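# Structural overview
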Amino acid sequence: FVIVGIILLFSDDSSIKVEADAFSSRGLTPVVVLKGEEPVIIFALKSTVREGAKSLVEYLLSIKSEVYLLSGDRKEVVLGMAEELGIKKENTFYQKRADEKSLVLSSYGGGKKVMVGDGLNDSSALSMSDVGISVSGGVQLLQKDGNISITNFSPYKLISAIKGSISTLRVVNLNLTISFLYNLF
């Protein structure tokens, strides 16, 4: 049997750990391939920030939202991405498995929680958030757990959707106020 996974799953082998740390120090995500229990190859993937993600974070912060980054990736990679996006270090969580993401999400009370996920390990957290937005485009399980599924996702589309919902709420509140005042007099 062959196993492919991020290095967190195989941290016992010190030779793999040395190579993984070398990749991580360069901001790369190490991945190992095992045949049976023997490592065959270790390689790295570069995580990139999606175009428009920084604009989305800036917009969310401008409307007084708390923004968090939950990732299964290694510390060095996630902290680098958080810094690039303008997310506070204390709001950044790294090396989290699916069940751990759910625990982090459930530990924050108050306010509505919106989770945007693009991987299978986001499925559980998507289902327990107030609004789960699946952006993978092809993973059917993930689409089932999100309240909203967006194909061809762009952070700019999410900004537009949020602005539209805020505008709609303002109109509803204005109409309720007018109705109340009309019925009062």
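Above this note sits the structure.
Residues numbered from 1 in each chain as written. Predicted model: local features only at pLDDT ≥ 70, side-chain atom pairs only at ≥ 80, totals over all residues. Heavy atoms only, no water.

### Let's talk about the pattern of salt bridges
Heads up, the rule is: We define a salt bridge as a contact between a side-chain nitrogen of Lys or Arg and a carboxyl oxygen of Asp or Glu at a distance within 4 Å. Secondary structure elements are taken from DSSP: a helix is a run of H or I of four residues or more, a strand is a run of E of two residues or more, and numbering for both begins at the N terminus. A simple rule labels every residue: compare its accessible area, found with a 1.4 Å probe on the protein chains alone, to the largest value its type can have, and call it buried under 20%, exposed over 50%, or partly exposed in between.
One pass over the full model with this rule turns up 6 salt bridges. Here R97 and D99 are joined by a salt bridge, their closest N and O atoms 3.5 Å apart. Between K101 and D122 there is a salt bridge, with its nearest N and O atoms 2.6 Å apart. Of this pair, K101 sits in helix α4 (residues 98-106) while D122 sits in the loop between β6 (114-117) and α5 (123-128), and the two are 21 residues apart along the sequence. Here the two residues K101 and D122 agree in accessibility, since each one is buried. One salt-bridge network, in which partners are shared between bridges, spans R97, D99 and E100.

### Some remarks on the nonpolar core
For clarity, the cut-off: For this analysis, a nonpolar core means a set of buried residues of the types Ala, Val, Leu, Ile, Met, Phe, Trp, Tyr and Cys, connected via side-chain atoms within 4.5 Å. The contact rule is simple, with two residues in contact once any of their heavy atoms fall within 4.5 Å.
If you look at the biggest cluster of nonpolar residues, it comprises 19 residues, and the most contacted ones within it are L56, L69, I87, L158 and I162. Within the residue set of this core, elements represented by two or more residues are α2 (53-62), α3 (75-85) and α7 (155-184). Non-local contacts of I162, meaning those with residues more than four positions away in its chain, are made with L56, Y59, L60 and I63.

### A closer look at a nonpolar patch on the surface
For clarity, the cut-off: To count toward a patch, a residue needs a relative accessible area above 30% and no salt bridge. Like charges then connect within 9 Å, nonpolar side chains (Val, Leu, Ile, Met, Phe, Trp, Tyr) within 5 Å. Only the protein chains shown count as covering a residue, and every accessible area follows the Shrake-Rupley method with a 1.4 Å probe.
Taken together, the side chains of V2, V4, V40, I41, F43 and L45 make up a nonpolar region of the molecular surface, amounting to roughly 550 Å² of accessible area. At the level of secondary structure, the elements contributing two or more residues to the nonpolar patch comprise β1 (2-6) and β3 (38-46). Ranked by residues supplied to the nonpolar patch, first place goes to β3 with 4 residues. Its location among the elements puts V40 in strand β3.

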